[in-house]
Protein chains: 2
Amino acid sequence: MSDVQDRKRFVEDLTDQGDDFSRWYTEVVRKAQLADYAPVRGCMVIRPYGFGIWENMQRLLDARIKATGAQNAYFPILIPESLLQLEADHVEGFAPEVAWVTQGGSEPLEERLAIRPTSEAIICRMYSRWIESYRDLPVMMNQWCNAMRWEKVTRLFLRTTEFLWQEGHTAHANHAEATDEVLRMLEVYRSFAEEDLAIPVHAGRKSLAEKFAGAEMTYSIEALMRDGKALQTATSHDLGQHFAKVFDITYQDETGARQHVWQTSWGASTRMIGAVIMSHGDDQGLKLPPRIAPIQAVVVPIWRKDEERAQVRPFVERVREALGDRVRLHVDDRDQYTPGWKYNEHELRGVPIRLEVGPKDVTKGAVMSVRRDGRQKESIPLEALAERLPALLDEVQRAMFDAARAFRDENTATCRTVAEMEAHFVARRGFVAVPWDGSAAFEAEVKEKTGATLRCVPLDPSPWKGLAGPGQDVGLFARAY
Amino acid sequence: MSDVQDRKRFVEDLTDQGDDFSRWYTEVVRKAQLADYAPVRGCMVIRPYGFGIWENMQRLLDARIKATGAQNAYFPILIPESLLQLEADHVEGFAPEVAWVTQGGSEPLEERLAIRPTSEAIICRMYSRWIESYRDLPVMMNQWCNAMRWEKVTRLFLRTTEFLWQEGHTAHANHAEATDEVLRMLEVYRSFAEEDLAIPVHAGRKSLAEKFAGAEMTYSIEALMRDGKALQTATSHDLGQHFAKVFDITYQDETGARQHVWQTSWGASTRMIGAVIMSHGDDQGLKLPPRIAPIQAVVVPIWRKDEERAQVRPFVERVREALGDRVRLHVDDRDQYTPGWKYNEHELRGVPIRLEVGPKDVTKGAVMSVRRDGRQKESIPLEALAERLPALLDEVQRAMFDAARAFRDENTATCRTVAEMEAHFVARRGFVAVPWDGSAAFEAEVKEKTGATLRCVPLDPSPWKGLAGPGQDVGLFARAY
């Protein structure tokens with residue numbers, strides 16, 4: 001079989017979502033060359049196309065984080081075991097999944113060093129040295145880095161031993177300011193997910209059973225994947241004074257008295273790439289939201305004879321010049337593939353807009369645009385392209401969000417009892433809103449009978465007005481990744 | 001002692017370069033809050049001001065790298081010992097300085113995993129899977145990541161156990177293309193160092209004694225620090241087919257035959273921040289080149305009475321508005337410090353331009369700019385600021401490069417024999433150009449008698465016309481970091 005046929009089959013062989021969603025996911029990740037398995041258990045290689053998505057996410061989220069006043073810094077990847085052990089809940093939560101360095105060069109180490117599963121411990125140690133006065137507060141730092149958790153079951157992007165993320169760590173003079181920060185960052189994540197990733201989310205607080213090890217309270221944003229399972233997409237933690245007390249992080253207040261600081265931490269990881277894939281993809285492959293797509297529009301030139309080629313080529317150059325830096329454009333001028341093959345490949349790779357340029361288009365002085373999200377076609381005159389294409393990308397971005405929200409809302413139900421939930425989850429998936437009195441017993445019963453867990457108590461319960469009685473909250477449950 | 005006096009002394013206590021350069025260096029790094037020691041041997045914390053420099057470096061260098069056609073990707077930090085051992089020179093060079101992970105969660109690992117000292121081994125394993133045909137070549141990937149070498153003697157930025165860097169790895173169809181790539185990247189580093197960091201460098205090849213473990217040939221850029229010692233600032237390696245053969249990285253050529261690829265790798269690290277500090281700093285502290293300075297201009301408002309304050313404050317706002325995004329501006333409106341104290345602090349932190357705004361300036365409708373590099377003053381009318389300040393920053397950038405080059409050239413001598421070099425290094429430091437026949441014995445003798453090593457054989461030997469005889473090259477020697 002020739003190389004070309006080989007690759008064609010490679011695209012056509014994609015498993016349907018309805019047949020096996022999990023297999024569809026892994027195939028899409030690998031065929032679209034987003035990531036590959038590494039020769040180390042549970043680790044992945046992020047290939048250039050996948051990393052291009054991550055770079056766009058980083059740029060957009062980083063700008064939102066900096067707009068809150070936080071600054072980037074970098075803390076060491078290694079954490080001495082004795083530091084990790086200071087906060088009891090924290091070590092209990094993380095110790096089982098830590099990778100340990102025990103040898104440096106030819107010397108066995110006197111103390112084991114953890115590869116950071118998260119950086120509270122090392123950052124708190126530094127904060128205890130740096131913070132002296134109320135004038136030093138708030139301290140708001142963020143770092144983009146790798147982290148590691150020795151997971152038993154792993155999946156590309158969703159749960160890997162090593163992952164990339166940003167983790168923010170702040171210290172404040174009182175609890176009110178810390179709480180404001182926790183919610184401010186939750187809102188940063190919500191707006192980033194909805195506006196940049198086109199993923200609708202519910203923002204809310206977790207139950208005590210699901211909170212971060214060492215936190216007073218954890219908040220998260222929760223999205224719904226196309227198989228009806230929920231995915232926690234980012235978290236924001238109110239750390240209270242748990243770490244401040246054991247790491248002795250104090251400041252002198254305006255009266256000269258020493259006080260412990262109040263802290264927060266918040267993070268989002270390469271897992272978000274998994275959320276994008278599973279929120280938008282279909283049986284043809286990926287659908288990337290324009291704001292984070294490495295290639296926003298791909299030009300596919302079409303010719304059969306050499307004279308057509310001589311006609312099309314210069315026109316494609318004019319398209320490129322007309323667009324300049326306005327759009328992340330790629331011209332696919334490979335000779336060894338047919339246009340049809342290229343259409344399939346770029347659909348698989350989720351490129352938001354395809355621009356077809358054949359002899360007829362050249363004659364009309366236009367390109368034929370085809371949207372990935374709904375396949376809508378539109379002939380765009382060359383002179384209108386620089387204005388129309390960015391607008392069209394905005395329309396795609398908005399339409400993708402609307403489609404994902406419609407899917408999410410269709411797959412959100414209301415129940416009043418565990419029995420109703422049990423019946424619901426026999427036939428359906430998605431979110432179920434239920435009145436919840438805050439009891440762990442209820443959570444445990446639901447989990448046992450339905451497999452669903454409490455995703456969050458939404459900050460905005462208005463869609464479920466009247467559901468929760470006195471002393472109750474709306475609990476949003478789902479089976480989850 | 002009050003907090004204010006404490007901090008004032010903190011700035012004034014900076015050691016002079018001439019008294020103890022090494023102490024000056026460490027003090028400047030810590031007092032300017034670029035970095036701090038971490039509670040793990042040999043590791044550093046990069047604080048926001050230092051990380052701001054790194055972010056600017058990354059942005060500028062990343063754009064230069066991408067302009068060559070390379071794409072970013074991410075490979076795992078852990079490398080199985082068996083992979084690291086495949087290339088004999090490579091393992092011999094790096095094994096003594098590897099940190100080993102031996103435990104994952106509660107399980108002892110069957111095979112030790114190295115924290116990457118550099119990523120050739122893991123990347124080559126992936127390339128052997130991905131590369132099939134000549135159509136796949138060249139493969140040009142880069143990653144920004146952390147890496148680790150278990151160094152015995154460490155110094156903030158210059159040599160730390162963990163460091164941040166970019167490492168590029170490319171594969172080509174033949175040696176000529178690989179060599180072009182090695183030299184193209186060397187030129188990227190040269191132009192980045194000279195244009196963005198304002199550091200003049202010599203670009204050239206290393207001796208066999210100094211080449212990268214596993215390379216066919218190593219090239220580097222070499223800069224001169226203000227204490228007269230050289231610093232290798234970035235390297236570019238011709239890997240030949242050393243790795244391709246042991247990792248079995250082959251492609252099918254146009255005739256259908258299988259061939260091994262030819263590879264390169266190239267890297268630059270947070271060490272470059274050390275190069276910036278030691279190339280430009282003086283007894284008052286840092287001098288940051290405007291292109292990478294986190295703060296390019298700082299406004300210091302000056303008032304004594306409240307009515308002056310009422311006059312100055314709105315004017316400062318107009319300054320801020322006039323500049324917009326054109327300049328990375330910071331307004332230092334802290335009440336607890338005097339203007340004089342702020343001048344000292346911003347000089348210590350190397351801010352390229354200070355803008356003083358007092359009642360007299362407001363009356364004139366102007367700000368008084370003071371350059372960090374040469375202390376030149378210039379009153380700039382508010383309406384001219386948006387144009388003048390960016391131009392002034394360009395002048396500072398250029399002047400800093402010229403000053404560093406003049407210093408470098410004053411500290412470059414020519415010798416003809418080892419005896420001459422010995423005499424030279426008794427009294428002086430800096431670069432010494434000498435005719436070199438390529439012999440390792442000569443290198444060893446120079447090192448023993450003078451402490452200087454061969455920094456590189458410059459690609460451009462024209463400054464030393466006539467120095468090298470037939471069969472000789474110009475060798476550039478220096479004592480080095």
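Residues numbered from 1 in each chain as written. Chains lettered and ligands numbered in written order. Predicted model: local features only at pLDDT ≥ 70, side-chain atom pairs only at ≥ 80, totals over all residues. Heavy atoms only, no water.

Per an unreviewed UniProt entry, chain A goes by the name Proline--tRNA ligase and belongs to Eiseniibacteriota bacterium. Its UniProt record, at the heading Subcellular location (unreviewed entry), says of chain A: "Cytoplasm". UniProt, in the comment section headed Sequence similarities (unreviewed entry), describes chain A in these words: "Belongs to the class-II aminoacyl-tRNA synthetase family. ProS type 3 subfamily." (UniProt positions renumbered as here; feature names shortened; annotations may be inferred.)

Peer 1: I tried to follow the overall build of chain A on my own but got confused; where do I start?
Peer 2: Helices and strands together make up the secondary structure of chain A, namely 15 helices and 23 strands. For a compact globule of 481 residues, the expected C-alpha radius of gyration is about 23 Å, and chain A comes in at 25 Å, within 12% of that figure. Within the span of chain A, comprising 481 residues, buried residues form 59% of the whole. In chain A, the share of contacts with a sequence separation of at least 24, taken over all contacts with a separation of at least 6, comes to 68%. When the accessible area of chain A is evaluated, it comes to approximately 19000 Å², of which 46% is carbon and sulfur surface. Each charge class in chain A can be summarised by its mean position, and for the 62 positive and 72 negative side chains these summaries are 4 Å apart. (Helix = DSSP H or I, 4+ residues; strand = E, 2+ residues; numbered from the N terminus. Rg over C-alpha atoms; globule rule 2.2 N^0.38 Å. Buried < 20%, exposed > 50% of the residue type's maximum accessible area, 1.4 Å probe, protein only. Contact = heavy atoms within 4.5 Å. Areas by Shrake-Rupley, 256 points an atom, 1.4 Å probe, with all protein chains shown as cover. Lys, Arg positive; Asp, Glu negative; His and termini not counted. Charge placed at Lys NZ, Arg CZ, Asp CG, Glu CD.)

Peer 1: Before we go on, may I ask you to explain the pattern of salt bridges in this structure?
Peer 2: Once the charged atoms of two side chains with opposite charge are near each other, the side chains can pair. Residue and element names in this part refer to chain A. Taken as a whole and judged by the stated rule, the model has 64 salt bridges over all chains. With a closest N to O distance of 2.7 Å, Asp373 and Arg371 form a salt bridge. Judged by its relative accessible area of 11%, Arg371 is buried. (Salt bridge = Lys/Arg side-chain N within 4 Å of Asp/Glu carboxyl O.)

Peer 1: What is the right way to look at the sheet that holds strand β14 (residues 262–269) of chain A in this model?
Peer 2: Residue and element names in this part refer to chain A. Taken in spatial order, the eleven strands line up as β3-β7-β8-β14-β11-β10-β9-β22-β23-β21-β20 in an open sheet, and their pairing is mixed. Taken across any chain shown, the strands that pair with only one partner, and hence form the sheet edges, are β3 (71–72) and β20 (412–414). Of the pairings in the sheet, the one linking strand β7 (residues 139–148) to strand β8 (residues 162–172) comprises ten bridges and is antiparallel in character. Residue pairing for β8: Gln143 is matched across the bridge by Glu167. Sitting on the sheet, helix α9 (residues 271–280) is in contact with β10 (217–224), β11 (230–240) and β14, with an inclination near 145° to β11. (Pairing = 2+ DSSP bridges. Axes fitted to C-alpha atoms, helices over the stretch in contact; angles between N-to-C directions.)

Peer 1: Is there a simple way to think about the packing of aromatic side chains in this case?
Peer 2: In this description, an aromatic ring pair is defined by two values, namely the gap between the centres and the angle between the planes. The full count for this structure, using the stated rule, is 18 aromatic pairs over all chains. Judged by centre distance (5.4 Å) and plane angle (90°), the ring pair of A:Phe163 and A:Trp165 falls under edge-to-face. Of the residues examined, A:Phe163 reaches a relative accessible area of 10% and is grouped as buried. Judged by relative accessible area, which is 11%, A:Trp165 ranks as buried. For the ring pair B:Tyr337 and B:Trp341, a centre distance of 4.1 Å and an interplane angle of 15° mean the geometry is stacked. (Phe/Tyr/Trp six-rings, centres within 6.5 Å; stacked < 30°, edge-to-face > 60°.)

Peer 1: It is not clear to me how the environment of A:Arg125 should be interpreted in this structure. Could you clarify?
Peer 2: On the secondary structure map, A:Arg125 appears in helix α6 (residues 120–130). Taking relative accessible area as the criterion, A:Arg125 reaches 28% and is therefore assigned partly exposed. When the C-alpha atoms of A:Arg125 and A:His330 are compared, they prove to be 47 Å apart, with 205 residues separating the residues in sequence. With sequence-adjacent residues up to four places away left out, A:Arg125 is seen in contact with A:Leu83, A:Leu86, A:Phe247 and B:Pro39.

Peer 1: Sorry, what's going on with helix α13 (residues 385–410) of chain A here?
Peer 2: Since the α-helix packs 3.6 residues into each turn, any two residues three or four apart lie on the same face. Compared with an ideal rise of 1.5 Å per residue, which puts 26 residues at 38 Å, α13(A) spans 36 Å between its outermost C-alpha atoms and is within 8% of the ideal. Burial in α13(A) covers these residues: A:Leu385, A:Ala386, A:Leu389, A:Leu392, A:Leu393, A:Val396, A:Gln397, A:Met400, A:Phe401, A:Ala404, A:Phe407 and A:Arg408. (Expected span 1.5 Å × (residues − 1).)

Peer 1: When you look at the interface of chain B and chain A in this model, what are you seeing that I'm missing?
Peer 2: By convention, interface size is frequently given as the accessible area that disappears when the constituent parts associate. The interface is formed by 59 residues belonging to chain B together with 59 residues belonging to chain A. Put simply, chain B and chain A have two salt bridges between them. For the salt bridge of A:Glu55 with B:Lys66, the shortest nitrogen-to-oxygen distance reads 2.8 Å. For the pair chain B and chain A, the number of links is 26 residue pairs in polar contact (both at pLDDT 80 or more). (Polar contact = N/O pair within 3.5 Å; in protein donor to acceptor, adjacent residues only side chain to side chain.)

Peer 1: Please clarify how the sheet that holds strand β17 (residues 353–357) of chain A should be interpreted in this entry.
Peer 2: Across a sheet, paired strands are connected by hydrogen bonds in the backbone, their directions being either parallel or antiparallel. All names here are of chain A. What the five strands build is an open sheet, ordered β16-β15-β17-β18-β19; its pairing is mixed. Two strands in the sheet have a free side with no partner beyond their single neighbour: β16 (329–331) and β19 (377–381). Here the strands of the sheet are splayed against their neighbours by 25° on average, with no regard to which way each runs. Summarising the sheet, strand β18 (residues 366–371) and β19 pair through five bridges and their orientation is antiparallel. Residue Val370 lies in a different strand from β19, and its bridge partner there is Lys377.

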